[in-house]
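A closer look at the structure
Each chain, written out:
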Amino acid sequence: MSEYAIRVENLGKRYMIGAQTERYKTLRDSLTDLAHLPGEIMRRGVGKPKQEIWALKDVSFEVKKGAVLGVVGRNGAGKSTLLKILSRVTEPTEGFAEIHGRVGSLLEVGTGFHPELTGRENISLNGAILGMKRKEIEQKYDEIVEFSGVEKFIDTPVKRYSSGMYLRLAFAVAAHMEPEILVVDEVLAVGDAEFQRKCLGKMSDVAHEGRTVLFVSHNMSAILRLTEETIVLEKGQVAYRAPTNEAVDYYLTSGFAQTGERCWHADEIPAESTPFKPVALRVCNPQGAVAETIRSVEPFTIEMEYELTAPITGLRVGVYLLSTHGEHIFTSFDTDNANEYNRYMTRPAGRYISRCKIPADVLNDGRYILGVNASSFRVKRYFQDEYALSFTVDSTGAPGMQWAEPRPGPVRPRLGWDIEEIG
Amino acid sequence: MAETTLSRQDQPEQVVLLKPSKGWIALNLKDLWLYRELIYFLTWRDVIVRYKQTVLGAAWAIIQPVINMLVLSFIFGNLGKLSTEGYPRPIFTFAALLPWGLFSKALSDTGRSMLSNRNMITKVYFPRMIIPLSSILGGLVDFAIQFLVLVGMMIYFKFTPTAGIWTLPLFLMLALATALGVGLWLSALNVLYRDINYILPFLTQFWLLLTPVGYSIGEISPQWQLLYSLNPMVGVVQGFRWAILGTDPPSWISLGISVGISLILLVSGMYYFRRMERTFADMV
């Protein structure tokens with residue numbers, strides 16, 4: 001028996017960009033490729049691909065048995081690729097990973113669920129897909145149904161389920177497979193608050209039972225709560241590994257450009273986001289200059305610049321403001337107001353800037369995180385980056401500064417007080 | 001892709017080494033055996049789902065070959081005036097349609113199977129060969145239902161089973177092996193080249209014409225017979241007719257060729273599939 005549950009050494013995964021964007025070849029392409037082959041070999045030598053991208057490169061780490069390791073990183077940092085390799089979905093291009101024990105992953109919640117089958121039938125099927133034995137499924141069947149809370153509809157085809165019921169059932173099966181190593185990816189981003197609490201509860205149970213957990217999330221408060229140690233992935237490499245507190249701090253602050261501006265390069269924009277193309281997110285002071293630090297007593301502006309390569313109906317571009325613990329302070333969209341909403345029912349193709357004016361005397365001092373979301377409600381989420389940039393608020397001149405004490409809470413509004421002497 | 005050095009139920013700890021694989025790799029049939037319950041569940045799913053939300057349900061398993069039989073009888077009998085060696089045309093055609101139906105359905109199902117199970121392939125590990133395999137096995141249920149229809153026809157036309165009826169499972173195996181061999185090639189190719197989707201219907205149609213389903217093997221002149229039996233389904237159909245109706249048995253040579261070709265298809269299909277397996281999750 002080894003003391004490690006997972007040992008990863010120099011792991012690398014290469015994708016061909018051409019293959020990724022075109023998705024697949026037709027026979028004709030292959031035939032024309034074949035015709036060009038001799039020339040290609042002359043020019044570049046054998047086996048040299050045209051354009052490649054390393055989703056992971058030289059990644060090495062190990063996880064001790066019974067440890068709970070967090071994995072954080074921005075979009076495209078290689079988190080999903082890492083999980084896909086560890087759960088044997090795809091194989092690495094170089095290096096190796098050694099897995100001691102059965103891996104269960106919550107990234108496949110509901111995999112293989114068939115809409116025409118009933119809840120009961122899907123439990124059996126999904127269990128088998130996740131690698132459970134038939135006996136195991138039968139033993140846990142009642143427990144699964146109870147955990148999911150859909151007893152009444154267990155003999156109804158799941159296509160008639162609400163999305164919440166569907167998800168609860170799917171999670172219930174996955175949560176009962178009792179693997180030695182559990183890999184979790186962003187399940188907590190879905191479902192209602194009650195359900196999320198249940199998931200987190202289940203996960204800390206698993207961790208306490210001494211099983212190994214690899215937890216990948218954008219939710220910093222969940223990472224802080226559940227993991228002891230965290231690795232930060234950046235551009236396919238392990239940038240930092242430390243106790244979770246330090247790692248989250250590193251990720252949320254030093255990982256960001258300090259300029260109050262975040263620009264997106266072409267290779268950072270996922271293919272699904274078309275026709276929405278983010279260009280830059282900026283925090284600007286009252287003079288209109290990009291600023292890393294703004295004063296709480298002055299109003300400031302958040303600017304999102306983007307391009308639409310085709311018109312989008314119902315598009316809303318918005319920002320999240322978060323504390324450095326990952327808690328949301330507010331969310332606001334550019335079409336929140338009825339006027340803008342009606343005017344931009346369909347936003348034509350073109351280049352845009354959506355500006356959000358934050359009044360003076362709202363935020364407390366400290367660091368804040370800005371995230372971006374561009375979506376059509378209930379249709380599609382085009383682009384999302386929950387931790388796009390960070391900026392600092394300086395509270396010089398804010399209300400209550402005569403007392404040199406920290407004021408808890410993310411906001412520090414200038415409120416109207418009135419003292420009346422009544423006796 | 002990965003070697004399972006210790007199997008799950010024999011040992012307390014399973015160690016899996018994930019590393020890049022190159023070139024032709026072992027078939028790893030042991031993994032297939034470990035996941036046998038998944039084969040069962042996926043087959044079961046295909047069977048249950050197939051006729052859900054249809055008015056006629058499993059009756060379709062009967063209606064389809066019966067209509068096929070009528071069409072083929074009309075084209076080859078009434079229009080083509082081809083002989084049936086003196087057997088009643090309905091049962092002569094139906095005995096051949098039974099394995100043919102299994103085979104052609106297997107071709108079209110396996111061809112599409114990798115794409116329709118994309119969400120499983122990109123999210124969870126299991127030996128990928130299970131997918132084409134279980135989509136072929138699902139056809140056996142239809143086959144069993146159709147076999148009952150054949151039994152009914154035999155009673156109606158007063159045919160007693162021949163002494164060779166016990167060989168029927170062997171010919172059925174030959175049909176399944178051929179279907180799996182071709183199916184593995186098609187399903188792996190379809191992940192890389194979606195052209196297969198468009199080629200499939202033609203392939204099935206031509207193959208039907210090259211197989212003595214609507215006509216008798218006697219229509220092929222003797223000098224072409226050996227070339228003709230390069231098609232393994234010729235041996236299957238001939239075997240079925242012989243075992244059920246008592247027509248001329250297939251010759252040992254042509255049967256040998258059929259079995260040989262079928263095995264070549266199966267083994268090469270398995271190796272090709274395994275070779276391409278590592279790219280499936282990224283390409284599908």
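Basis of the calculations
- Residues numbered from 1 in each chain as written.
- Chains lettered and ligands numbered in written order.
- Predicted model: local features only at pLDDT ≥ 70, side-chain atom pairs only at ≥ 80, totals over all residues.
- Heavy atoms only, no water.
- Pairing = 2+ DSSP bridges.
- Helix = DSSP H or I, 4+ residues; strand = E, 2+ residues; numbered from the N terminus.
- Axes fitted to C-alpha atoms, helices over the stretch in contact; angles between N-to-C directions.
- Contact = heavy atoms within 4.5 Å.
- Phe/Tyr/Trp six-rings, centres within 6.5 Å; stacked < 30°, edge-to-face > 60°.
- Buried area = accessible area lost by both parts, 1.4 Å probe.
- Salt bridge = Lys/Arg side-chain N within 4 Å of Asp/Glu carboxyl O.
- Polar contact = N/O pair within 3.5 Å; in protein donor to acceptor, adjacent residues only side chain to side chain.
- Nonpolar A, V, L, I, M, F, W, Y, C, P; charged D, E, K, R; others polar.
- Patch = residues over 30% accessible without salt bridge, like charges linked within 9 Å, V, L, I, M, F, W, Y side chains within 5 Å.
- Areas by Shrake-Rupley, 256 points an atom, 1.4 Å probe, with all protein chains shown as cover.
- Expected span 1.5 Å × (residues − 1).
- Buried < 20%, exposed > 50% of the residue type's maximum accessible area, 1.4 Å probe, protein only.
- Parallel < 35°, antiparallel > 145°, perpendicular 65-115°, else oblique.
- Left-handed = near helix turned anticlockwise from the far one by under 90°.

1. Notes on the sheet that holds strand β9 (residues 237-243) of chain A
Residue and element names in this part refer to chain A. One open sheet holds the six strands; their spatial order is β5-β6-β7-β3-β8-β9, and the pairing between them is mixed. Whereas interior strands pair on both sides, the edge strands pair on one side only; in this sheet they are β5 (103-105) and β9. Between one strand axis and the next, the sheet turns by 20° as a mean value, whatever way the strands run. Pairing geometry for β5 and strand β6 (residues 181-185), over three bridges, is parallel. Note that in β6 the partner of S105 across the bridge is V183. Its contacts with the sheet place helix α3 (residues 79-86) against β3 (68-73), β5, β6, β7 (212-216) and β8 (229-234), and it is angled at close to 150° to β7.

2. Let's talk about the packing of aromatic side chains
Any pair of aromatic rings gets described here by the distance separating the centres and the angle formed by the planes. The tally for this structure, following the rule as stated, stands at 23 aromatic pairs over all chains. Between W264 of chain A and F383 of chain A the ring centres are 5.5 Å apart and the planes differ by 90°, which places this aromatic pair in the edge-to-face class. A residue pair is termed long-range when its members are at least 10 positions apart, and W264 of chain A in the loop between β10 (261-263) and β11 (276-284) and F383 of chain A in strand β20 (residues 380-394) qualify at 119 residues. Aromatic side chains F41 of chain B and W44 of chain B sit 5.9 Å apart centroid to centroid with 85° between the ring planes, which places their arrangement in the edge-to-face category. Placement of the pair is F41 of chain B and W44 of chain B together in helix α2 (residues 36-50), with a separation of three residues, close to one helical turn.

3. Structural notes on unusual backbone geometry
Residues and elements named next belong to chain A. Of the consecutive residues T274 and P275, the connecting peptide bond is found in the cis state with omega at 5°. One can find P275 in the loop between β10 and β11. With a phi angle near 50°, N10 is a residue other than glycine that sits in the positive phi range. Following the sequence through the fold, N10 ends up in strand β1 (residues 4-16).

4. Digging into the interface of chain B and chain A
Contact residues are listed per partner, giving 45 residues for chain B and 49 residues for chain A. Of the roughly 4,400 Å² buried between chain B and chain A on both sides combined, carbon and sulfur atoms contribute 57%. Here chain B and chain A share three salt bridges between them. With a closest N to O distance of 3.9 Å, E91 of chain A and R278 of chain B form a salt bridge. Between chain B and chain A we count nine residue pairs in polar contact (both at pLDDT 80 or more) in total. Elements that contribute at least two residues to the side of chain B that touches chain A include exactly β1 (2-4), β2 (15-18), α1 (29-34), α2, α5 (118-121), α8 (168-192) and α12 (252-283) of chain B. The element that contributes the greatest number of residues to the side of chain B that touches chain A is α2 of chain B, accounting for nine residues. Residues that form the side of chain B that touches chain A fall into these classes: 25 nonpolar, seven polar and 13 charged. Where strand β4 (residues 94-100) of chain A meets β2 of chain B, four bridges bridge the pair, whose relative direction is antiparallel.

5. Side note on a nonpolar patch on the surface
Together, I67, V71, F74, I75 and L79 of chain B line one region of the surface with nonpolar side chains, adding up to about 460 Å² of accessible area. On the secondary structure map, I75 of chain B appears in helix α3 (residues 60-79).

6. Some words on α2 of chain B
Compared with an ideal rise of 1.5 Å per residue, which puts 15 residues at 21 Å, α2 of chain B spans 21 Å between its outermost C-alpha atoms and is within 8% of the ideal. L38, I39, F41, L42, T43, R45 and V49 of chain B are the residues of α2 of chain B that are buried. Tucked into the core, α2 of chain B has its buried residues touching α4 (119-129) and α5 (134-148) of chain A together with α1, α5 and α6 (130-137) of chain B.

7. Looking at the pairing of strand β16 (residues 328-333) of chain A
Both faces of the sheet carry side chains from a regular strand, because those side chains alternate between them. Residues and elements named next belong to chain A. As paired strands, strand β15 (residues 315-323) and β16 are joined by five bridges and run antiparallel to one another. Note that in β16 the partner of L322 across the bridge is H328. The turn linking β15 back onto β16 is made up of four residues, and G326 within it adopts a positive phi angle of 85°.

8. Topic: the sheet that holds β15 of chain A
All names here are of chain A. One open sheet accounts for five strands, arranged β12-β20-β19-β15-β16; its pairing is mixed. The outermost strands of the open sheet, each flanked by one partner alone, are β12 (293-295) and β16. Strand-to-strand twist of the sheet, defined as the mean angle between neighbouring strand axes without regard to direction, takes the value 30°.

9. Side note on the pattern of salt bridges
Pairing between side chains of opposite charge can happen when their charged atoms approach one another. Tallied over the full model, the rule gives 31 salt bridges over all chains. Residues K57 of chain A and E94 of chain A are paired through a salt bridge, measuring 3.3 Å at the closest nitrogen-oxygen approach. With K57 of chain A in strand β2 (residues 52-64) and E94 of chain A in strand β4, this residue pair connects regions lying 37 residues apart in the sequence. Judged by relative accessible area, which is 25%, K57 of chain A ranks as partly exposed. Taking the shortest distance from any N to any O, the salt bridge between D142 of chain B and R50 of chain B comes out at 3.0 Å. Placement of D142 of chain B in helix α7 (residues 139-156) and of R50 of chain B in helix α2 is noted, with a sequence separation of 92 residues between them.

10. With respect to the packing of helix α11 (residues 232-245) of chain B against α12 of chain B
Between two packed helices, the angle of one axis relative to the other and the distance separating the axes together describe the packing. Residues and elements named next belong to chain B. As a packed pair, α11 and α12 sit with axes 7 Å apart at the nearest point and diverge in direction by 130°. When the axis of α11 is compared with that of α12, the two are oblique. For the crossing formed where α11 meets α12, the hand is left-handed. Touching P232, G235 and Q238 of α11 are S254, L255, S258, I261, S262 and L265, all from α12. Of the residues assigned to the contact of α11 with α12, the class counts are four nonpolar, five polar and no charged.

11. Some points on the environment of L11 of chain A
All names here are of chain A. Mapped onto the fold, L11 is located in strand β1. L11 sits 319 residues away from F330 along the chain, and the two C-alpha atoms are 39 Å apart. Contacts of L11, omitting those with residues within four sequence positions, involve L56, K57, D58, V59, L82, I85, P92, E94, G95, F96 and A97.

12. Points about the packing of α2 of chain B against α6 of chain B
All names here are of chain B. The interhelical angle for the contact between α2 and α6, taken along N-to-C directions, is 50°, at an axis separation of 8 Å. Overall, the two elements α2 and α6 adopt an arrangement that is oblique. The element α2 and its partner α6 pack so that their crossing is right-handed. Mapping the contact onto sequence places L38, I39, L42, T43 and D46 in α2 and I130, L133, S134, S135 and L137 in α6. Grouping the constituent residues of the contact of α2 with α6 by class yields six nonpolar, three polar and one charged.

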